[in-house]
Every structure is written in structure tokens, then in C-alpha cells.
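# Summary of the model geometry
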Amino acid sequence: MMTLLKGARVSSRAEGKQRARDEGTGGAGGMVLNLEMVTTSYDSVAYTVPVLAGSAQQNLSLQVDTGSSDLWIASTSCSTASCSSTSGRLYDPTSSTPTNASFTISYLSGSVSGPIVWDTVQLGTYNVQNQALAAANMVSDEPLSLDFDGILGLALPLNSVIEQEIPPTTNNNPDGASFSSNLFSMTPTSSAPSQPFFSLTFARPGSDALPSLLGIGMHPSSVVPDPSQIKYSTLVSQDAGILFWKTNVQAITVYVNGQARPVVLGESVTGAAFPTALLDSGMPFIITTSPIANGIYGALGISPASDGNYYVPCTTPLNMTITLDGQPELPIHPLDLTSEPSGQQNSQYCVGLIQADDSQLTPTSGVGDMVLGVPFMRNVYTVLAYEPPPFNMSVYTGIHPTLGLMGLTNITQALDEFNNVRVLNQPLDGTPSQQAVSSNDTKMSVGLEVLIGLIGFFALCVTLFGLKWFMTRRQWKKQGMVDTDGGKKGEGEYRAYQLTRRHSQSSDDAPPASTLRTLAYSSHTTRKEKVSEYTFDSNGTRVELDPVNEFGEWNVKYDHSPPSVFDLSDPWDPYAANRDTIVGTDAPLPDSPTSPDFLTTNHRRTSDGIGGIPESTSVPLLTDRHHRRSSTQSSDSDVAEVGVGMAGVGTIARGSQIVTGLHHNLPRSDSPDRNSSSLGSRNEVVTPSWRFSISCEHPDTVDVIDIH
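Let me sum up the structure you'll find in this document.

How each quantity is defined
Residues numbered from 1 in each chain as written. Predicted model: local features only at pLDDT ≥ 70, side-chain atom pairs only at ≥ 80, totals over all residues. Heavy atoms only, no water. Core = buried A, V, L, I, M, F, W, Y, C linked by side-chain atoms within 4.5 Å. Buried < 20%, exposed > 50% of the residue type's maximum accessible area, 1.4 Å probe, protein only. Helix = DSSP H or I, 4+ residues; strand = E, 2+ residues; numbered from the N terminus. Contact = heavy atoms within 4.5 Å. Pairing = 2+ DSSP bridges. Salt bridge = Lys/Arg side-chain N within 4 Å of Asp/Glu carboxyl O. Arc of directions from axis to C-beta. Phe/Tyr/Trp six-rings, centres within 6.5 Å; stacked < 30°, edge-to-face > 60°. Lys, Arg positive; Asp, Glu negative; His and termini not counted. Polar contact = N/O pair within 3.5 Å; in protein donor to acceptor, adjacent residues only side chain to side chain. Disulfide = S-S within 2.5 Å.

## Remarks on the nonpolar core
Ranked by internal contacts, the top residues of the largest apolar core, which has 72 residues, are I252, M320, I322 and F376. The element contributing the most residues to this core is strand β5 (residues 44-53), with 5 residues. Leave out the neighbours within four places in its chain, and M320 touches I252, T253, V254, I296, L330, P331, I332, L337 and I354. Ranked by size, the runner-up nonpolar core spans 23 residues in total, among them C78, Y107, A134 and I162.

## Topic: the sheet that holds strand β2 (residues 23-24)
In any sheet, the strands associate via hydrogen bonds between backbone groups, in a parallel or an antiparallel arrangement. The sheet built from 7 strands is open, its strands ordered β2-β3-β14-β13-β27-β28-β15 with antiparallel pairing. With one partner strand each, in any of the chains shown, β2 and β15 (231-233) form the two edges of the open sheet.

## Considerations on the pattern of salt bridges
Counting across every chain of the model gives 4 salt bridges. D336 is the partner of R204 in a salt bridge, and the nearest nitrogen-oxygen pair spans 2.9 Å. On the criterion of sequence distance, the pair formed by R204 in the loop between β13 (197-201) and β14 (213-216) and D336 in the loop between β22 (329-332) and β23 (338-339) is long-range, its members being 132 residues apart. On the accessibility criterion, R204 (14% relative accessible area) is buried. Through salt bridges with shared partners, one network takes in R89, D147 and D149.

## A short note on helix α4 (residues 290-298)
Taken residue by residue, α4 has I292, A293, I296 and Y297 as its buried positions. Buried residues along α4 cover an arc of 120° about the axis, so they all sit on one side.

## So, the packing of aromatic side chains
Tallied over the entire structure, the rule returns 7 aromatic pairs. When the centroid spacing of 5.3 Å and the interplanar angle of 45° are considered together, the rings of F184 and Y386 count as tilted. You can see F184 sitting in helix α3 (residues 179-184) and its partner Y386 sitting in the loop between β27 (380-385) and β28 (402-407), a full 202 residues away along the chain. On the basis of relative accessible area, F184 is assigned to the buried category, the value being 5%. Pairing F457 with F458 gives two aromatic rings, centres 5.7 Å apart and planes at 65°, and the pair type is edge-to-face.

## Let's talk about the side chain of D369
Within the secondary structure, D369 is located in the loop between β25 (354-356) and β26 (370-372). Among buried Asp, Glu, Lys and Arg side chains, D369 stands out as unpaired, with K246 the closest opposite charge at 7.6 Å. Here the side chain of D369 touches T276 through a polar contact of 2.8 Å, landing on its backbone nitrogen. The residues contacting D369, other than those within four sequence positions of it, are E267, S268, V269, F274, P275, T276, I287, T288, T289, I292 and L361.

## So, the state of the cysteines
All told, the structure shown has 2 disulfides when counted by the stated rule. The disulfide that involves C78 links it to C83, with 1.9 Å between the sulfurs. Its S-S torsion of about 85° marks the bond between C78 and C83 as right-handed, since a negative value means left-handed. By relative accessible area, C78 is classed as buried at 6%. Between the sulfur atoms of C314 and its disulfide partner C350 the distance amounts to 2.0 Å. On the sign convention where negative means left-handed, the S-S torsion of about 115° between C314 and C350 marks this disulfide as right-handed. Within this pair, whereas C314 is found in the loop between β20 (311-313) and β21 (319-324), its partner C350 is found in strand β24 (residues 349-352), the two being separated by 36 residues in sequence. Look at the chain and number its bonded cysteines as they come in the sequence; the links are 1-2, 3-4.

Treat this as a map of the structure, not an account of what it does.
What follows is the structure, encoded as C-alpha cells:
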């Protein structure tokens, strides 16, 4: 009997998910009920449905089992370990009617026994009176739990143990008929489903792509929008009749690197032309014969281990399809065919969920060549039809059952999911697996941790860059290299200067920034009342040079008088951009000089004119590092460039600056006979002649050549 293969159930615990709403209202139109997926072991689950039992309407949960035909519930009389695992949620048969018959059934590991009683059982809105069930008082090695109290067998009635003890009758007297027989033969007929079938959809753990559903005479609209897509297979009959939802296997194909490798099936263990397979929702594995199992794993180069089981590298997908009678190729999700060993996450080898069991699959067992358990049934929408479609029978006869299937797995998507879970170690559908949640509920995924780390790194870089820029800009402001108003200074205003070394041809060694800042500040404080005369037209100044030193010393006197207000904003004013050649700051210029001494036509100063002046203290001059002359030849040079320094005074005369409207006559100091050319159209030249006193930085005086 098929019930001998139920030994795969181990410990259990329910997933505490909130139940979804059912579809339909029952009666002739049928309804769809939500199933609960209950964990029974590390790699196994049971799909249970709620029922109400007895006159007290006890709320119990029964596993939907397509491999058996009987209904049994652990009763309050049971004291075994399995019954104790329900936490006291047990069936109370006090209000039931005894039948004086007993029930005993054995599984691969474990057994159930107890008295048979008649009681009321309600499934959804369907209430079946006088249903024969076993009130189990002894349950051994069954994975009962708070959400798993017994079994609702949905195999065909001929396989029922209770029917063998209490044969069914054709009248309304209580009998041993199975639950499915009583449901579809309810009277009046308007209270029974007009379409006599059950349908099943099983969700995959860790995925919400499909719900777990039990249809009663109704297809779930979310899974089957078009019932015509369901294909039906003819069932295989034994000598006693049709016992299971079993059909012929036409082909099994394993795909390796995109290449199809068909498995050689041979004939059935019963001697039939094709091997057979039955569907059992109570079996967590796929059981088959050794030749078929060796052919499936042999396509991957895998042989059975010393313990008789098959082990597959966890990152290797077992991509296979099964073709049943009247069906197309039905792919199976690779995650449903292998499982990591219990308690060994990220293991190198996984246990194959297709295993051989020749001792159970014998010619006399009536099971056939394969048992397609939960791993297969998760991939199809299953219809257990007691009459073939279009289900027009007004009265259920139960003599023409058929199996309907519709594939639900897209193999391309399935392979991607396998890669994400097994190779990339990511949860299925973005939902953390139960094992990951139980080990660390607050642990974030690796990808999220990497993303947060990258965001933090870039934020740190931006912060450091901004801080560095702020400190650098602040330092530039202190050094006078940045316009505090945000505008760009004139090109000549911030040119770099350096102290000219005496007795040297070179002035490349720049003073430190602190020295320049000190000089600029001290000069600024003294310029409030004193402005260098050289500001006005230092290009026209002639200085008698020291013939001894190459760079020389200035021996001129500084006379200062209060200046007038100057307009420096006019870009066409020849004086607007002039600079103090020592300090490097702007000095005001008069708009229109009014002193009588300022008006002169020609003015020449030579070394004779400054005789008798006491020798002044030598002061090194600032020189323009970008505009420096080292030639010892005297020549006239046009240096109209604004802000030019006064390097090389010992040997080089300053060139004249061309100013529109002024007439210059600038002879060279070493050539007194040379006359300057007359420029401009005006007959008179306005020349400032007031003098300024020397600052405290230059205690000696030198003669100043008046600017004209």
C-alpha cells in the first residue's frame, strides 16, 4: 500500500503566517481554501488545512495527503511523544458515535492506530455528517505539532483502510465511506460542489510567488486564469481498481549545459511497457527505482554514495523535466531537487531529493516505479478529478477519475533563482530564509552592508575634500592670494615679488610668505599719510645710479605732501593701475592737479642736479620675478606694463611709458644730450611736483626725479 512510504516525516513546527482569505462561498459553486505550510524537518514541510470536528466544532489542522485515503486525528487518549508535541490540541471524541471497529496503519517509519468513530467534520463551508474517522490513541514517529493534528487522505476511495473495515452502502445509513465520497455525494445536490474535484497548489519555502491552496470544485483565479490550459492524464489501474493518482511516465530528461540527456527508462517493475508514477503530497522526496535514479544522476556524472544516497554539489543545478501521459515536459525547479544537509549552511555537497528505494517499489506493492512527492507537486497545479471534464454529472458516481496537471515553473527563472540562492547565497524572492532568520534576525544582507559602506566612504571623501578646500582657501586669504569679494583681481595686483640680493646676478630665492605679509602690513600702516611719489609715474623717473654696485643703492630724497583723491576705476586713466613699486599696494592719484608747480614743459634731472645729497642707507629693492632684466647695456625700453618692479637700477634706465596727451622729454642719465621724443597733441604737460617725506623705514633721503 502507498501508506508504507510515509516515513519521511520528522519533527515539525508551523510558520506563523497570517492566513489569507478564502475564495468562493461553497455549495455548488465550490470554494478555494488556503493551506498552511508547516515545517516538519530541515528540508521537509507539510501542507495542512483547517477543519472543524465534532459537535463542539474543535478547530484542528489536517495534512492534505494524496497518497492515502483515510482521515485520522490524534485524540485526547493519546499520550505518545508525537501527540504531546501538539501542546494539548487534540481531538475529543466524547460526542462522537463509536463504530466498534479499529484502525491501524503503518508507515515507512512509524504507525497510527485507534478506534473508528462517526462524527461531524466541516471543511470550509461543507459540513459532512457521520464521517468515519480514526480517533488515534497511539501515534508513533509522526511529525505532529500545534498546526498538524492528523491526516486528510485524498487518494481514491478504493485505497481506504476504514472502508475495508466498514464497507460503504448506498443508503443514508452511516458507513465507512471516505471523506471525498461523502463530500461529492452530499444531498441535496445544490449543497455539494457541482464539479467533483480537488485541486492543489503548493508554495515553495522562502517564496511568495505562489500560494498554497486547496480547491474544492473550483479553480483558484490567481493560479488558473484559463482552465483550458490544464491537461489530463489517464490513470493506471491495479487488479482491485484505481487506488492512486498514478499515470505512466513517457520520458525523463536531464539538461546539462543546455544539452538534453534523456534517461533510459526501460519497462516498469510490473512488466508494463512504461514505468508509472503516482502523486503523493505526503512524501517530501521523489522515490524511484535504482535504474532511473542512476540514469538521472549519471547525466551529471554522479554515482550513489556508500550509504546508498546521492549527493550533488550544492552549486550544481539538477535541471530535469518529467513527461507524463498526455502532458508536455514538466520542468522541476532545481531548488526542489537538492537540499543542504541539516544544520550545514553553505555546504559543499547537498542531498539529492530523488532517492532510490527498491525495497518498496516492487511488482506486488502496487506503488509502481516512482512516487512524485512534494518536490514535483510544487511545480504543477494538480487537479484530482473524480469525473473527467467538463464535469457535467448531476450525480457523482466515482467511476471515472482522471489526473489534471498544469506546469507552473519557468525553467529560466528557476535557474536564475538557483544561482542567487546557492551561488550568490542570497534569499529567495528577497525574503530571508528561515535558517538565516533563526540564526540572526537582525543580520543584514552582504549586498546591503557593502552599499552602506560605499555610501559612507564617499561621504567621508566629500567631507575631507571640503575641509581641505576650506583650510586652503582660508590660508590663501591670509596670504592675500584670493579676492575676499569673490572676484578676480587684476593681473598686476598680485604678482609675486622678491627681495633683490646685493652683489648678485640672481634673485631667484623668494622670501617666505610671512616676510611679505609683514612688509605689506607695515607699509600699509605708514601709507595713511605718506604716499610714494613713485606711484604716479615711476616709469618716467631717472635715478643716478651707483657705478660701483651692479644693483646699486638709491640715494634719493623722499618728500611727501598730502595727496588728493584719485579715481582708480577708470580703465583708460594711465595712472589708475599704477602701483607702489616697493609695497605693492594701490596709491591714490589726483584727478586734476592744481598746484602751480605742477605745470612745466620740460624737466631734466642729472647726476649734477643731485650733488651734495648725503649718501643714504642702502635698501634692497623688491623686484618682479616675472619681469627681470640683467643686461648691463644702457638702452631705452618701453615698459608700459603696469606694476613693473625696479630691479637692475644700477645699470638699466627705466623706459618711458606712453601716455596719451602728455609730452615727455626723458634723457638717459648716461647720455645727457639725448632728447626724448614729443608724444601726444597737448602743448603743456601737467607734472606733479609736490614732495613726500620718507617713511621711518628709510631714514635717509634721496633726491627724487620729478615725474612728467
